[in-house]
Every structure is written in structure tokens, then in C-alpha cells.
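Descriptive structure summary
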Amino acid sequence: MTTKPKCIDNINQSAFISGRNIQDNILVAQELLRGYNRKGGPKRCSLKIDIAKAYDTVSWVFLETILTKFGFHKKMVSWIITCVTSSAFSVCVNGGIHGYFKAGRGLRQGDPISPYLFTLVMEVFTLLMAKNVESASEFKYHAGCAELKLTHLCFADDLLVLCYGSVNSVKVIKKSLEEFSKVSGLASNMSKVLCFLGILILENREEYLRLKSQGGLGLKNLSDWNEALLVKHIWNIINKKESLWVKWVYAVKLKGGRSFWDIDNEYSDSSLWKSLLDLRDKIRPHIRHKIGNGNNTSIWYDWWHESGPLCNIISRRKIHEAGFVTTMNVADMVTTNGRWNWPDDWVNQYPILAEISRPTDSDTRDKVVWKKNNGKDVEFSVSIVWEDLKENTGDVHWSKLVWYSQGIPSNMFILWLAVQERLLTQDRIMVWNKDANMRCYFCKEYVESHQHLFFQCKYSNNVWKEMLKKNSIQGMPCNWRDIIAFMSSNCSNNTIANVVGKLVLGAKVYYIWQERNRRYVCGEERSEKVLIENISEVIKLRLMGLKVKDTAKVKEVYKKWGIQPNIVVKIE
């Protein structure tokens, strides 16, 4: 029997507490977040709060105060604070340790006591949250949370806050976070919280699961990947792999020489076996048999010639009427003088039989190959199967503009959202929130859209024009979609000019979006000049990290940016 925690009485925190398991919070989170992609149902909001430099920023004064308030003995509090505040740090330079400096706040990473102290710190947020929720009549709980009065889940130093999908409820959360930040020294990383506040929401999670050339993030769809892994089991059965499981299949499921393609689903079958049988129609055109001596290929059920399995045109009744059995292989249908043993009326009834070549290589074993969607026969691999089975939605024209090896990941991701007009600009917000006061955070005149935010607004347009001066791109249109189309058509190769053009676009969109969010969340503003300097600096750093060829064009481009190229020396 576990004892009831005396300090951390709330159910929100489960890490580092005796008798509790962090898996419980994970399971609860999974249940609460189910169905977020559905259009119907109650309004819900979940915020994954990232505590910026969590362990490093805890106030020592605050820590001592809460230890005392939680009832720890003064002597113990003194010991803990002494351990926490007496730490010093050295700097390692070129392998040597030099000097030391004392810390001013924070908990030491790796110290066994630090997780427990941080758990106490986060308990204060729980108490603040409970106080503010109780005093705010406008706060509504997340679906499935009202009975337990559950407002958040703690995962050590990670925080998932839950509420009803309303502005008033979110305001209560924001108030609690601000109060907690003031007393503890901890601050949430708002640039990461935005994803859950609605700034970077994708309406359809399938957008993530396409390959990059099709407009997605290149993440594997687990359903498709699972199918590819199941096909590996089918492949082993077809090839009669030397394994216990395959032997069991042939001894029990395919007893008597039955074909894998010719058995039915039975009620008592396991879910795995049913899944394998359900995949047959989908993968059958891909599994082809190359005939050698014909001894290991079913003449009726395997796909060993271009017309398809013979069972598709010759019924089982016809097979038995002709005196044949369904377990025959290709070699069984060849006479001793090397001719086909088809019945005479079959050749007239099924003309395709006259076109099928006879096995001629008696010394070579039949081989099974995977036929790709492009018609090419290849050796089997799970990755190839996944490529062929996954949904193909067609390539998008802008994929190479967004995704390229020299790009900056964070910039590419925001640009990926922007080219699809998926960023939650005000024109999209107004679909569900009719706020007449919405105005661009830069010019304060118009409702922001992708077109206005990145190119029409005076602020962003000036930034764009200044960045174009260093790139020498001629004929650039002024419409957002036309710009994407124009740059997509001119970025098919990785010349240094194209790479720089893509870097400029990605960085410009990223920093405009970042500046917009800074003004929205923090009320902080940077001038056009500062933003241009930031964009230029990040592009310079990226160019300095590239290995480039020693060409006149490369030198010209790098000269414009005021940096030296990292030339790859070719050794003859």
C-alpha cells in the first residue's frame, strides 16, 4: 500500500512521486486529445507549455520560501539551500579547465535532488491555477475534465494545460502562467506554445504524412508503414523462408499444399492472419514469379506471366474437370518432351495459353521478385513496399523551393506552412472569431492575410525589397502566389544563386512571422533595419557553412554578402 503524498497532493503531477507512474498521465493525455481532428464535438483547447531553461532559472529565494511553506524543517531547508547555492562552474577551453564562477539561480542538472525540488516548484503553479479557476466564473473545463477538476498534466518539467475552447478560459491560463513566472523566475517559451494556441495549426494531420515532394513533411503514415511490415510476413510465406513461423503456416494454414492466395478468412483466425489475408488483393500485382525450372511456382495461383494468375480465367471447376489438381506447379504441366500439357479445348477456349512460354532452364530455381509501380522488377525490401503502397497524391511544384539540403530547418517549416496558406493569419481567424478590431500588427490598417503580411504591408515589403537587392533576382512579381510560382520555376537546380534565393525567401517569411508573433504575444517591436540585419546574419552564417566550388559566380555571390566562401579543393 502506498502512502498519500503530503506535499504533492494534486493528481496533476505523477513524476518522481512514490506510488505514481508518469505513464498514467500519458494515458490520460492520449484519451483527452483523441478526436481533435474532428469537426464536431465540444470546443477544446490544449497547450503544451515549454518552460524556458526550466532548471536553470528557478529563483533561490522562491525555492527557500516554498520549502518553508510546505513545512520542511528549518535545518533541512538550510541544508538544501546550501547544496543548491554553493555550486560553481568551470569553463573547458581546448581540453583544459579554466577558472570558475558561481551560479546566481537555478538547479543543477544531474543532481539527484533537483527533480524533486522542481516538482515542488511546479506544485505552486498547480495551486495558482486552482485558485484562479475557482475565482473565475467564466472558466470552463476541457471535455472529460470537469468531474476531476483537471486543468493540466505535469510531466516533470513539461506541462500540458487543458481547457474549454474559449478566449475567457485561455485568459485564466495566461494569468496563472504570468503570476507563476513572477514569483518563481520561470517563464514559458511562447514561441513553442504558439503551436497549441492556434498559431500553427494544421486542419488535416494527413498534411504531415506525405512525402516532401507531395507537399508534406515526409513523415511516415504509421498505417501505411504497418502494412509494409505485414507484407514482409507474406513475402516470407511466399518464399518459404526457413523459419519456425513459416513452417507452422504451411503445416497448419496451408496444409495439403494449398496456396496462400486461395484460402478464405475464418472466424477463428487471429487478427494478424486476417490482416495478412486482407492485404492479398492490394499486393498481388506486385509479387511476381520468375520461372526457372517451374518447381516452386503454383501454375494456377501465382503471378508468373504478364496475363496474371491463371485462376482469374480458368475456374476451379474447369481445372478438376480436366483431371488436374489445384496444388500443381508450373513444371507439372510440362510433358517429358518439353511441351505444355494443356487440354486441346483449352487452347481454343483460352487463347492466352498459346502465348505462354515454356520453362527452359531446368537447373535454375524459380525466383520471386517485387514489381514496383513503375513496372521495374526489384529485390524485396520493406522501404520499397512502403513507397509503392502509400497514397500518392502527386508532386507539388513548390517542393524544391521549400525543401533542400542547404536550407535552415526552422525556416523551411514555416515556409512550408506559408506556401499552403496554413499559417493562422487574421483572415483565417475571422472565419470563426468575428473580431472587427483585427488589424495587421505592422501597419495597423488592414486585416492580415498571407499576401498582406509577407508582401503588401509596408513593413514587410521594405524588408523584402532590401533582401532582394543582395540577390539580383529580375522580374519578381508582387503577388504572394505568383512569387511562389515564379521562384519554384527557377529553383530546379542547386546553383549558388538559387540556393541564396531560397534562403532569402525562407528567412524573410520566418522572421516576418516571428516578428508578428512577438508583437502579438509580448508586445515587443523591432524596426525594419534590425529585422533586415537579423535575416542577413542568419543567411551569412548558413552560407559560411556551405562547401562550394571555386567558380566566378560563387565568388561574386559571396562578395555581395561580404563573406568568404568555404571552397572545396579538388585534388587531382
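Residues numbered from 1 in each chain as written. Predicted model: local features only at pLDDT ≥ 70, side-chain atom pairs only at ≥ 80, totals over all residues. Heavy atoms only, no water.

A count of helices and strands for the protein chain gives 22 helices and 10 strands. Scored against the burial criterion, the 572 residues of the protein chain give a buried share of 43%. Per element, the accessible surface of the protein chain, about 32000 Å² overall, is 52% carbon and sulfur. (Helix = DSSP H or I, 4+ residues; strand = E, 2+ residues; numbered from the N terminus. Buried < 20%, exposed > 50% of the residue type's maximum accessible area, 1.4 Å probe, protein only. Areas by Shrake-Rupley, 256 points an atom, 1.4 Å probe, with all protein chains shown as cover.)

Now for the nonpolar core. Judged by nonpolar contacts, the single largest core of 54 residues is most densely connected at F454, W464, L505, L543 and W561. When contributions to this core are tallied by element, the ones reaching two or more residues are α14 (399-402), α15 (409-419), α17 (450-456), α18 (458-469), α19 (480-489), α20 (496-521), α21 (528-544) and α22 (552-560). Dropping the residues within four chain positions of it, W561 is found in contact with M467, K470, V500, V504, S536, I539, K540 and L543. (Core = buried A, V, L, I, M, F, W, Y, C linked by side-chain atoms within 4.5 Å. Contact = heavy atoms within 4.5 Å.)

This model, assessed by the stated rule, comprises two cavities of 30 Å³ or more. Of the voids in this model, the largest cavity is the one considered here, and its volume is about 40 Å³. The wall of the largest cavity is formed by Y404, I408, N411, M412, L415, K502, L503, G506 and A507. Of all the elements in the fold, those that place two or more residues in the lining of the largest cavity are α15 and α20. (1 Å grid on protein atoms, 1.4 Å probe; cavity = no way out; pocket = protein on both sides within 12 Å on 5 of 7 lines; lining within 4 Å. Points joined across faces, edges and corners; volume = space filled by probe spheres on them.)

Let's shift gears to the pattern of salt bridges. Scanning all chains against the criterion turns up 18 salt bridges. Among the ionic pairs, R317 bridges to E321, the shortest N-O distance being 3.1 Å. On the criterion of helical spacing, the pair formed by R317 and E321 is a turn pair, its members being four residues apart in helix α11 (residues 316-321). Under the relative-accessibility criterion, R317 is labelled exposed at 64%. Under the relative-accessibility criterion, E321 is labelled exposed at 52%. Put simply, R518 and E515 hold a salt bridge, and the shortest N to O gap is 3.9 Å. Of this pair, R518 and E515 both sit in helix α20, separated by three residues, roughly a single helical turn. We classify R518 as partly exposed; its relative accessible area is 27%. (Salt bridge = Lys/Arg side-chain N within 4 Å of Asp/Glu carboxyl O.)

So, on to the environment of K175. Along the polypeptide, K175 turns up in helix α5 (residues 167-184). Classification of K175 by relative accessible area gives partly exposed; the value is 41%. For the pair K175 and M129, spaced 46 residues apart in the sequence, the C-alpha separation amounts to 8.7 Å.

Between the first and last C-alpha of helix α7 (residues 222-238) there are 24 Å, a value that for 17 residues agrees with the 24 Å anticipated at 1.5 Å per step. Looking only at α7, the buried set comprises D224, E227, A228, L230, V231, I234, W235, N236, I237 and I238. Of the residues trailing α7, K240 is marked for its positive phi of about 50°. (Expected span 1.5 Å × (residues − 1).)

We now examine the pairing of strand β1 (residues 44-50). Of all seven residues in β1, five are buried, a share of seventy percent or more. When β1 meets strand β5 (residues 158-164), the two strands line up antiparallel, connected through seven bridges. Each bridged residue has a counterpart across the sheet, and for L47 the counterpart in β5 is V161. (Pairing = 2+ DSSP bridges.)

Our focus in this paragraph is the sheet that holds β1. Spatial ordering of the open sheet is given by β1-β5-β4, a layout of three strands whose pairing is antiparallel. Looking along the sheet, the strands with just one partner apiece sit at the ends: β1 and β4 (152-155). Pairs of neighbouring strands in the sheet enclose a mean axial angle of 15°, with direction left out of account. Seen against the sheet, helix α4 (residues 114-135) touches β4 and β5 and runs at an angle of roughly 10° to β5. With respect to the sheet, α5 is in contact with β1 and β5, its orientation differing from that of β5 by roughly 150°. (Axes fitted to C-alpha atoms, helices over the stretch in contact; angles between N-to-C directions.)

That's the geometry; what it means functionally is another story.
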